[in-house]
Structure formats: C-alpha cells, structure tokens
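Take a look at the letters that make up each chain.
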Amino acid sequence: MSNHPLDKFKYCPVCGSNEFLEHTEKSKKCAKCGFEMFLNPSAATAAIIVDAQGRVLVVRRSKDPAKGTLDLPGGFSDIGETSEEGVKREVMEETGLTVTSVKFLFSLPNTYLYSGLNIPTVDMFYLCTVENAASAEAHDDAAEAIWVPINELEPEKFGLQSIGKGVAKWLSEYV
C-alpha cells in the first residue's frame with residue numbers, strides 16, 4: 001500500500017485513464033494525456049480571541065477528527081475569500097461573534113484527516129478582536145464555547161496537533 005498523498009486517486013481526472021501514476025512525492029501524472037496533479041496545502045485559519053478579562057475563547061470540537069477536544073475557532077478558507085475573510089466567517093459560524101480586527105501572527109504546517117485522506121494544510125493563526133465577546137455561543141462545528149484564563153491554557157488539551165503547537169507558540173512568543 002502506498003503512502004503517497006494522492007494514493008486514493010486512481011484515475012486521471014481529465015481523461016479517466018487508469019494510468020494515473022506517482023510522479024513526484026506530491027504529484028501524480030497521467031501516462032495517457034500528460035495531466036499532472038499536485039496535492040498542495042489547503043489554507044486553514046485559527047483565531048486567538050482574548051477578552052477584557054484576559055481570557056481566550058476556545059471551542060470544544062463536535063466532530064472528528066479530535067471530537068470532544070479543545071480547539072480554537074477557525075477552519076478552512078473558502079474558494080474566493082482571503083484568509084482574513086475566512087477566519088472572520090469561521091468565528092461567526094462557530095461562535096456567533098463578529099470579528100472587528102484581524103492581525104496575522106504566524107503559520108504552521110499540519111495534516112487534517114478528512115474522509116480518509118490526510119489533507120496537508122497551512123494553519124494561519126490570527127489575533128482577532130470581536131464585538132460583544134460575552135455573547136459567544138457554540139454553533140456549527142463547535143459543541144461548546146469556553147473562555148479560559150490565559151494562564152490556564154494547556155496546549156496538550158487541544159486535539160489537533162498544530163493548534164496545540166500554535167497555542168504553545170503564542171503563549172511563549174506573544175504573551
């Protein structure tokens with residue numbers, strides 16, 4: 001069994017040939033029509049939202065992967081939107097909060113298991129300011145919205161590896 005990131009793709013998406021073969025470590029190429037497909041990272045976002053009391057908004061994941069563990073509000077950017085627009089949309093979808101400012105902090109590579117495929121991602125972390133922080137409620141992919149004092153954040157309790165690493169990096173470099 002192959003460990004190639006495109007191993008689930010057996011047929012060329014252009015001509016339908018079954019001669020869709022590994023070409024590089026991140027691509028497959030069709031021996032019939034020459035089409036080459038790459039699996040590059042998808043853009044994902046994570047919002048660090050701190051309220052006036054020095055607490056960070058975290059959510060509990062309602063779905064796999066890592067169902068039941070802590071996460072930061074965020075998710076995949078959609079086609080046609082910027083990463084900043086994506087983080088604003090995801091915060092609204094998961095917490096009901098309106099983001100009023102977004103500041104890029106850093107990014108981390110990650111893989112995200114979805115429908116049996118490990119999707120490579122670039123997780124972009126943003127410091128976000130929101131309106132009416134006290135009105136945060138869990139929606140969409142979030143089972144719970146929780147305000148945690150900064151000094152009580154435990155990176156190892158975040159179920160997605162890059163989010164835990166991102167929380168640790170933020171605590172050590174920005175707090």
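Whatever comes next refers back to the structure up there.
What counts and how
Residues numbered from 1 in each chain as written. Predicted model: local features only at pLDDT ≥ 70, side-chain atom pairs only at ≥ 80, totals over all residues. Heavy atoms only, no water. Pairing = 2+ DSSP bridges. Helix = DSSP H or I, 4+ residues; strand = E, 2+ residues; numbered from the N terminus. Disulfide = S-S within 2.5 Å. Buried < 20%, exposed > 50% of the residue type's maximum accessible area, 1.4 Å probe, protein only. Polar contact = N/O pair within 3.5 Å; in protein donor to acceptor, adjacent residues only side chain to side chain. Contact = heavy atoms within 4.5 Å. Phe/Tyr/Trp six-rings, centres within 6.5 Å; stacked < 30°, edge-to-face > 60°. Axes fitted to C-alpha atoms, helices over the stretch in contact; angles between N-to-C directions.

Let's shift gears to the sheet that holds strand β10 (residues 142-149). Spatially, three strands are ordered β6-β5-β10 in an open sheet, and the strand pairing comes out antiparallel. Only two strands of the sheet have a single partner each, and these edge strands are β6 (70-71) and β10. Where strand β5 (residues 55-61) meets β6, two bridges bridge the pair, whose relative direction is antiparallel. Each residue of the ladder has a partner; that of Arg60, found in β6, is Leu70.

This part takes up the state of the cysteines. Evaluation of the coordinates by the stated rule reveals zero disulfides. Take Cys33: it sits in no disulfide, and the sulfur closest to it among the cysteines is that of Cys12, at 3.7 Å. A residue is classified by how much of its surface remains accessible, and Cys33, at 41% relative accessible area, is partly exposed.

It is worth spelling out the pairing of strand β2 (residues 27-30) at this point. Where strand β1 (residues 20-24) meets β2, four bridges bridge the pair, whose relative direction is antiparallel. When the sheet's bridge partners are listed, Thr24 is paired in β2 with Ser27. Linking β1 back to β2 in an antiparallel pair, the connection comprises two residues. Relative to strand β3 (residues 36-38), β2 runs antiparallel, the two being bridged by three bridges. When the sheet's bridge partners are listed, Lys29 is paired in β3 with Glu36. Counting the residues in the hairpin turn of β2 and β3 gives five residues, including Gly34, whose phi is positive at 90°.

For Arg61, the position within the fold is in strand β5. On the basis of relative accessible area, Arg61 is assigned to the buried category, the value being 11%. Of the polar contacts made by the side chain of Arg61, one reaches the side chain of Tyr112; its length is 3.1 Å. Other than its neighbours up to four places away in sequence, Arg61 contacts Ala66, Lys67, Gly68, Thr69, Asp71, Tyr112, Asp141, Ala143 and Leu160.

With that out of the way, let us pick up the packing of aromatic side chains. Applying the stated criterion across every chain yields a total of four aromatic pairs. Where Phe106 meets Tyr174, the ring centres are 5.7 Å apart and the plane angle is 25°; that geometry is what we call stacked. Taken together, the residues span a long stretch of sequence, with Phe106 in strand β8 (residues 99-114) and Tyr174 in the segment after α2 (161-173) at a distance of 68 residues. Among the residues examined, Phe106 registers a relative accessible area of 6% and is labelled buried. Each residue in the set Phe106, Phe125 and Tyr174 is aromatic and connected to the rest through ring pairs, giving one cluster.

Right, let's get into the environment of Ser107. When you line up the elements, Ser107 lands in strand β8. Separated by 15 residues in sequence, Ser107 and Val122 have C-alpha atoms that sit 6.5 Å apart. When sequence neighbours within four positions are dropped, the list of residues in contact with Ser107 reads Val122, Asp123 and Met124.

With that out of the way, let us pick up the sheet that holds β2. Taken together, the three strands give an open sheet; going across it, the order is β1-β2-β3, and neighbouring strands pair in antiparallel fashion. On the outer flanks of this sheet lie β1 and β3, each paired with one strand and no other. Strand-to-strand twist in this sheet, taken as the mean axis angle between neighbours without regard to direction, amounts to 30°.

Let us look at the environment of Tyr126. Inspection of the secondary structure assignment puts Tyr126 in strand β9 (residues 117-130). A sequence separation of 35 residues divides Tyr126 from Gln161, and the C-alpha atoms of the two residues are 17 Å apart. Here Ser83 takes part through its side chain, which lies 2.7 Å from a polar atom of the side chain of Tyr126.

That is the geometry; function is a separate question.
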